[in-house]
Amino acid sequence: MKLVLGSASPRRAELLAQLGIVPDAFRTPDIDETPRRGETPRAYVLRIARAKAAAVPLAEGEVLLCADTTVSVGRRILGKPADAGEAAEFLWALSGRRHHVLTAVVVRRGARLWERVVDTTVKFKPLSNPEVNAYLASGEWHGKAGAYGIQGRAGAFIPWLQGSFSAVVGLPLAETVNLLRAAGYPVEGA
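Residues numbered from 1 in each chain as written. Predicted model: local features only at pLDDT ≥ 70, side-chain atom pairs only at ≥ 80, totals over all residues. Heavy atoms only, no water.

Looking now at the pairing of strand 5 (residues 98-109). For strand 5, the buried fraction is high: nine of the twelve residues fall into the buried class. Sheet analysis places strand 5 next to strand 6 (residues 112-123), joined by twelve bridges and oriented antiparallel. In the strand pairing of strand 6, Arg-98 is matched with Lys-123. Taking the residues that link successive antiparallel strands as the turn, the strand 5-strand 6 hairpin has two residues, and the phi of Gly-110 there is positive, at about 65 degrees. (Buried < 20%, exposed > 50% of the residue type's maximum accessible area, 1.4 Å probe, protein only. Helix = DSSP H or I, 4+ residues; strand = E, 2+ residues; numbered from the N terminus. Pairing = 2+ DSSP bridges.)

Time to look at the pattern of salt bridges. Per the stated rule, a full pass over the model turns up seven salt bridges. Where Glu-62 meets Arg-27, a salt bridge forms, and the shortest distance between an N and an O atom there is 2.8 Å. You can see Glu-62 sitting in strand 3 (residues 62-73) and its partner Arg-27 sitting in the loop between strand 2 (25-26) and helix 2 (41-55), a full 35 residues away along the chain. Judged by its relative accessible area of 10%, Glu-62 falls in the buried class. The exposure class of Arg-27 is partly exposed, given its relative accessible area of 25%. One salt bridge connects Arg-153 with Glu-140, and the closest N-O pair in it is separated by 3.7 Å. Pair noted here: Arg-153 is in the loop between helix 4 (129-138) and strand 7 (160-162) and Glu-140 is in the loop between helix 4 and strand 7, with a separation of 13 residues, a long-range link. Glu-140 gets classed as partly exposed once you look at its relative accessible area, which sits at 22%. (Salt bridge = Lys/Arg side-chain N within 4 Å of Asp/Glu carboxyl O.)

Within soluble globular proteins, side chains that are nonpolar tend to cluster in buried spots. Ranked by internal contacts, the top residues of the largest apolar core, which has 44 residues, are Leu-65, Leu-91, Val-107, Phe-124, Tyr-148, Leu-171 and Leu-180. If we ignore the near neighbours within four places in the chain, the residues touching Val-107 are Val-63, Leu-64, Leu-65, Arg-112, Leu-113, Trp-114, Leu-179, Leu-180 and Ala-183. Of all hydrophobic cores here, the second largest spans 17 residues; its members include Ala-25, Ile-48, Val-56 and Ile-77. (Core = buried A, V, L, I, M, F, W, Y, C linked by side-chain atoms within 4.5 Å. Contact = heavy atoms within 4.5 Å.)

As a further point, take the packing of aromatic side chains. Under the criterion given, the structure shown has three aromatic pairs. Ring plane angle 65 degrees and centroid distance 4.9 Å describe the contact between Phe-124 and Tyr-148, whose orientation is recorded as edge-to-face. Taken as a pair, Phe-124 in the loop between strand 6 and helix 4 and Tyr-148 in the loop between helix 4 and strand 7 lie far apart in primary sequence, 24 residues in all. On the numbers, 5.6 Å between centres and 65 degrees between planes, the contact of Tyr-135 with Phe-157 is edge-to-face. Here the residue Tyr-135 occupies a position in helix 4, and Phe-157 occupies one in the loop between helix 4 and strand 7, the gap between them amounting to 22 residues. In this pair, the class of Tyr-135 matches that of Phe-157, namely buried. Of the aromatic side chains, those joined through ring pairs into one cluster are Phe-124, Tyr-135, Tyr-148 and Phe-157. It is Arg-98 that lies over the ring of Trp-160; its NZ or CZ is 4.3 Å from the centre. (Phe/Tyr/Trp six-rings, centres within 6.5 Å; stacked < 30°, edge-to-face > 60°. Lys NZ or Arg CZ within 6 Å of the ring centre and 35° of its normal.)

On to unusual backbone geometry. Excluding glycine, most residues fall at negative phi; most peptide bonds, likewise, are trans. The backbone of Ala-147 shows a phi angle near 70 degrees, a positive value even though the residue is not glycine. Locating Ala-147 in the fold gives a position in the loop between helix 4 and strand 7. The exposure class assigned to Ala-147 is buried, which follows from its relative accessible area of 0%.

Right, here's the structure in full:
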């Protein structure tokens, strides 16, 4: 049985490698990730992960793993910022408050899906202008939901979280292992 990672995210591949899992192939789905009007963050992240799973072709004997992560403040979805101005807006929206990081994981084998949404609550400390400007200058916000990556410099902004650290990075490991096992993919030792 072969594992296909439906993602171009190096962070997801690195998280799988921590478990000794190396995908046999990487196939990046090309889908529209625009939130629908009135869509809740939970419904959004699950819809996108399912759409990714549906968009990737699979051969016999292959298992597909797809995921999507979003950040939400209330019902507002903070996706990947388009530019530094939007990244700054997101960081100020997160400053000094709790928010949710939702990661949906979908495993597909043939036509069957196994899925899970993991919700982690994250608290940002109050940010200063120099902190925000230095973070923006670092470029770490590029391609990251909510304009930050917990595994990088933004880790210094987070004094507290409740839930899955690896889900905030982009792939909840415990839940992913359970879904892979349910689909019949051998996950020894994890």
